[in-house]
Amino acid sequence: MSLREATEAVAVDMGKGNAWTVEGKHPGRFYLFNHCGSICSQKTRITMREAGLAFTNVEVSLTNSSNYRPAYVSLRLRSWDGKSAMVGEGFGSWNGSSSTSENGFDPCVVPILVDLEARKVVSDSKVICLYITEVSSLLRPKDRVKDELVKKHIDLVDKTPHPALLYDSSPTFDPRPRFFVNITSKGGLHAGQINALERHLADEGKMWTDPNIKRAYQAKVQKTKDGLKQTIDTDGGNPDYFEGACRTTRATLRKLEEDLKKYPGDWLCGDQITCVDLFWGVSLVRLIWCGYGSWFADLPDVKAYTDRLSRRESILKESILNPHSGPSHHMSPFIEKHQGKVARLKYDLKVEMIGAITWKWTPTIAMGILAVTVGVACKQAGVINI
């Protein structure tokens, strides 16, 4: 099967209505398979938009594990060199980062960029975004010293343990949105992923036969089991893994604070915005979404930088105001600022409703709590006075 045929087949496999065209340069050349709420996907969509490139956006549902389907995995494997280790193969315990350089090639995640003109499949958000800068000749400084700074911070963002901060928390303090606390409780999300992968493994000989697909599923199962073990250990009172992720992230933020002082201007390299600013924009917004915005409190340059990035149209559209991303009460001030009090009210109701629906309490109790929180949300939004 040709690359075009395989790409179009996977796009169809993702379901009707899950693909649409984003206008720009080189129409018909690029397909971007991604998920609306994925931080790695947001990096690639924002970079594509800032580079002005046209692409067919294909939404890959993580809720129904579409990223585990054999056709999708097979397409992603076209970007694998066949030599590098996959996740779960010889890398030891998962460190909470999604970085390929630290954890190996992951055959079952988003995003994937397909360049039909170059007949190339590119995976891993870092590699995709650097590829986009090469194709467009944009979003990279021409100055060598500044470009080294860009590379340094791309690596820093890439190695930030966002998955650890999303899937896990301190046993004594959990600021994440309630619905995500609920679905990740006791490793529930990890366990669900393992079950889905094992179902696909059981389809060998019926739905697929490629030995590389078998290796991909087995590697992903092992990696996910590593993540589950870290979650169980954390829930059991061992803080080392999660506290290590927090220390790593805060150290990275301090490096950003230091390097923002190197050049005058709004961005890391001065007046020119680059791909790494877009990386940082998505990363900083995700930290706020999870409830860790207070980590910027003693970093005035990072705080001001975050404010500038949060007003960038591409970041607003694809990350902050994206209606298909999971809601978080930490994002409510942004909703009110850009869309008004009524929009915030609706957003806050959505936050509370999803939190209630995913709570493992009886419907009667959940509805009682929802009624109270609706009133509180209305008062906070200034719509009613109670």
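In what follows, the structure referred to is the one given above.
Residues numbered from 1 in each chain as written. Predicted model: local features only at pLDDT ≥ 70, side-chain atom pairs only at ≥ 80, totals over all residues. Heavy atoms only, no water.

Caption draft 1: Up close: the overall build of the protein. Scanning the protein for helices and strands turns up 17 helices and five strands. In terms of overall dimensions, the protein is globule-like: its C-alpha atoms have a radius of gyration of 21 Å, near the 21 Å expected for 386 residues. In terms of overall dimensions, the protein has C-alpha extents of about 65 × 55 × 40 Å along its principal axes. Sorting the 386 residues of the protein into buried and exposed places 52% on the buried side. For the protein, the accessible surface area stands at approximately 17700 Å², while carbon and sulfur atoms represent 53% of it. Of the side chains in the protein, 51 bear a positive and 44 a negative charge, and the two mean positions are spaced by 2 Å. (Helix = DSSP H or I, 4+ residues; strand = E, 2+ residues; numbered from the N terminus. Rg over C-alpha atoms; globule rule 2.2 N^0.38 Å. Buried < 20%, exposed > 50% of the residue type's maximum accessible area, 1.4 Å probe, protein only. Areas by Shrake-Rupley, 256 points an atom, 1.4 Å probe, with all protein chains shown as cover. Lys, Arg positive; Asp, Glu negative; His and termini not counted. Charge placed at Lys NZ, Arg CZ, Asp CG, Glu CD.)

Caption draft 2: Quick peek at the pattern of salt bridges. Per the counting criterion, the structure on display carries 25 salt bridges. Close ionic contact of Arg69 with Asp13 constitutes a salt bridge, the shortest N to O distance being 3.7 Å. In this pair, Arg69 is assigned in the loop between strand 3 (55-59) and helix 3 (70-77) and Asp13 in helix 1 (residues 3-13), connecting sequence segments 56 residues apart. A residue is classified by how much of its surface remains accessible, and Asp13, at 33% relative accessible area, is partly exposed. With a closest N to O distance of 3.5 Å, Glu257 and Lys261 form a salt bridge. The class of Lys261 is exposed, set by a relative accessible area of 55%. Several salt bridges share partner residues, and in doing so they unite Arg29, Asp115 and Glu117 into one network. (Salt bridge = Lys/Arg side-chain N within 4 Å of Asp/Glu carboxyl O.)

Caption draft 3: Focus on the sheet that holds strand 5 (residues 120-123). Pairing is mixed across the open sheet formed by five strands, whose spatial order is 1-3-2-4-5. Of all strands in the sheet, those with a lone pairing partner are strand 1 (19-22) and strand 5, marking the two edges. Here the strands of the sheet are splayed against their neighbours by 20° on average, with no regard to which way each runs. Taken together, the four bridges between strand 1 and strand 3 define a ladder with antiparallel strand orientation. (Pairing = 2+ DSSP bridges. Axes fitted to C-alpha atoms, helices over the stretch in contact; angles between N-to-C directions.)

Caption draft 4: Examining the packing of helix 12 (residues 275-290) against helix 13 (residues 300-309) more closely. Close contact between helix 12 and helix 13 brings their axes to 10 Å; oriented N to C, the two are set at 100°. Regarding the angle of helix 12 to helix 13, the classification is roughly perpendicular. Contacts between helix 12 and helix 13 pair Val276, Asp277, Trp280, Gly281, Leu284 and Ile288 from the former with Val302, Tyr305, Thr306 and Leu309 from the latter. Along the lines of polarity and charge, the residues of the contact of helix 12 with helix 13 split into seven nonpolar, two polar and one charged. (Parallel < 35°, antiparallel > 145°, perpendicular 65-115°, else oblique. Contact = heavy atoms within 4.5 Å. Nonpolar A, V, L, I, M, F, W, Y, C, P; charged D, E, K, R; others polar.)

Caption draft 5: Structural context of the layout of surface pockets. Approximately 270 Å³ is the volume found for the second largest pocket. Lining of the second largest pocket is provided by 15 residues; of these, Trp20, Cys36, Glu318, Asn322 and His324 occupy positions nearest its centre. Those elements that place two or more of their residues in the lining of the second largest pocket are strand 1, helix 2 (39-50), strand 3 and helix 14 (313-320). (1 Å grid on protein atoms, 1.4 Å probe; cavity = no way out; pocket = protein on both sides within 12 Å on 5 of 7 lines; lining within 4 Å. Points joined across faces, edges and corners; volume = space filled by probe spheres on them.)

Caption draft 6: Region of the structure containing the packing of helix 3 against helix 10 (residues 211-235). At a minimum axis distance of 10 Å, the contact between helix 3 and helix 10 shows a crossing angle of 100°. Taken together, the axes of helix 3 and helix 10 are roughly perpendicular relative to one another. Here Pro70, Val73, Ser74 and Leu77 of helix 3 lie close against helix 10, whose contacting residues are Asn212, Ile213, Ala216 and Tyr217. Among the residues forming the contact of helix 3 with helix 10, the class breakdown is six nonpolar, two polar and no charged.

Caption draft 7: Summary view of empty space enclosed by the protein. Tallying each qualifying case throughout the model produces two cavities of 30 Å³ or more. Its volume calculated, the second largest cavity comes out at about 40 Å³. Contributing to the lining of the second largest cavity are Ile39, Cys40, Lys43, Ser98, Val157, Asp158, Thr160, His162 and Pro163. Elements supplying a minimum of two residues to the lining of the second largest cavity: helix 2, helix 6 (144-158) and helix 7 (162-167). In terms of residues, the lining of the second largest cavity owes the most to one element, helix 2, which gives three residues.

Caption draft 8: Spotlight on helix 15 (residues 332-339). Among all positions of helix 15, only Ser332, Phe334 and Ile335 are buried. Projected onto a plane normal to the axis of helix 15, the buried residues spread over an arc of 160° and lie on a single side. Those residues of helix 15 hidden inside the fold are in contact with helix 12, helix 14 and helix 16 (341-357). Directly beyond the C-terminal end of helix 15, a positive phi value near 100° is found at Gly340. (Arc of directions from axis to C-beta.)

Caption draft 9: Representation of the pairing of strand 5. Pairing between strand 4 (residues 112-115) and strand 5: four bridges, direction antiparallel. Bridge pairing links Asp115 to Lys120 in strand 5. Linking strand 4 back to strand 5 in an antiparallel pair, the connection comprises four residues, with Arg119 at a positive phi of about 55°.

Caption draft 10: Spotlight on the packing of aromatic side chains. Throughout the structure, instances matching the rule amount to ten aromatic pairs. Centre to centre, the rings of Tyr167 and Phe180 are 6.5 Å apart; their planes meet at 80°, and the pair counts as edge-to-face. With Tyr167 in helix 7 and Phe180 in helix 8 (residues 178-184), the pair connects residues that are 13 residues apart, well separated along the chain. Side by side, Tyr167 and Phe180 carry an identical accessibility label, which is buried. Connected via pairs of aromatic rings, a cluster forms that spans Tyr167, Phe179, Phe180 and Trp289. For Lys146, the ring lying beneath its charged end belongs to Tyr263, and the centroid distance is 4.9 Å. Positioned above the aromatic ring of Trp289, the side-chain terminus of Arg286 is 5.7 Å from the ring centre. (Phe/Tyr/Trp six-rings, centres within 6.5 Å; stacked < 30°, edge-to-face > 60°. Lys NZ or Arg CZ within 6 Å of the ring centre and 35° of its normal.)

Function cannot be read off these values alone, since they describe shape.
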